[in-house]
Amino acid sequence: MQQSVRMEPSWKNILRSEFNEAYFQALTTFVRSEYLETTVYPPPKKIFRAFELCPFENVHVVIVGQDPYHGKGQANGLSFAVDEEMKIPPSLKNIFKEVKSDLEFEPMQSGDLTRWATQGVLMLNAVLTVRAGLPASHKGHGWEQFTDAVIRILNENKKHIVYLLWGKYAQEKGATINRDENLVLTSGHPSPFSAKLFHGNHHFSNCNAYLQKYGFDTIDWR
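These numbers were taken from a predicted model, which means no experiment stands behind them.

Reading guide: rules and limits
Residues numbered from 1 in each chain as written. Predicted model: local features only at pLDDT ≥ 70, side-chain atom pairs only at ≥ 80, totals over all residues. Heavy atoms only, no water. Buried < 20%, exposed > 50% of the residue type's maximum accessible area, 1.4 Å probe, protein only. Helix = DSSP H or I, 4+ residues; strand = E, 2+ residues; numbered from the N terminus. Pairing = 2+ DSSP bridges. Core = buried A, V, L, I, M, F, W, Y, C linked by side-chain atoms within 4.5 Å. Contact = heavy atoms within 4.5 Å. Salt bridge = Lys/Arg side-chain N within 4 Å of Asp/Glu carboxyl O.

When you tally the buried positions in strand 3 (residues 121–125), you get five out of five residues, the bulk of the element. The side-chain alternation of strand 3 yields two buried faces, one formed by Val-121, Met-123 and Asn-125 and the other by Leu-122 and Leu-124. Strand direction decides the pairing type here: strand 2 (residues 61–65) and strand 3, joined by five bridges, are parallel. Bridging from a neighbouring strand, Val-62 pairs with Leu-122 of strand 3.

This part takes up the nonpolar core. Counting residues in each nonpolar core, the largest one holds 62 residues, and the members touching the most others are Trp-11, Phe-51, Val-61, Leu-122, Phe-146, Leu-154 and Trp-221. Element by element, the count of residues in this core is highest for helix 7 (residues 143–157), at six residues. The contacts of Phe-51, once residues within four sequence positions are left out, are Met-7, Glu-8, Trp-11, Leu-122, Leu-124, Leu-128, Phe-146 and Val-150.

A cis amide bond links Tyr-41 with the next residue in sequence, Pro-42, at an omega value of -5°. Among the structural elements, Pro-42 can be located in the loop between strand 1 (40–41) and helix 4 (49–53). A positive phi angle, near 65°, is found at His-160, a position not held by glycine. Among the structural elements, His-160 can be located in the loop between helix 7 and strand 5 (162–166).

A word on the pattern of salt bridges. Taken as a whole, this structure holds seven salt bridges when the rule is applied. Here Glu-34 makes a salt bridge to Arg-131, at a shortest N to O gap of 2.6 Å. Taken as a pair, Glu-34 in helix 3 (residues 22–37) and Arg-131 in strand 4 (residues 130–131) lie far apart in primary sequence, 97 residues in all. The exposure class of Glu-34 is buried, given its relative accessible area of 5%. A relative accessible area of 30% means that Arg-131 is categorised as partly exposed. Through salt bridges with shared partners, a single network forms among Glu-18, Arg-152 and Glu-156.

This is the structure we're talking about:
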């Protein structure tokens, strides 16, 4: 089973026991059938892109999203991100507004957040696939158990990680994180429906101050 999972080696090694669990085998069967029978996002090669761009040993920040964008061409394997040529979604626009307000510089107006991921930001969706046009359609099939395991393993094996948990869903996802050994920052979701509870959270400056305190490189949020 492990051989069929295409994932960056450090993650594949530390998650190997998950791949043999019954839930993950059932999840794999479900996802394969979905890709064969209907349109699913992101493209198969990008399902584990967050892990490819941010190896386990490089993780210093975790941003938790819910599930991939369900519009054509939007989902690219990173939470909140889209590819360079795509229109910037409303939630990401609000994230950029907060970066500008908090850090007093204009972030690059590109939805391709590879530039964050390669600096050590794990941009993790709770659910890694979705049917076209049907948000949350792959909820409850095992992805949540898998990404809970990712957070648990980070919590058990690393410390001084900054977790950015925006909205109730992400906050519930991070409920078990050790607050004594990591920094957990919470606020409303950047969606237009709750942005007033997101703006002014100063998460980006607080994140960098914490990383600097423990001797890590800060994130260039531009």
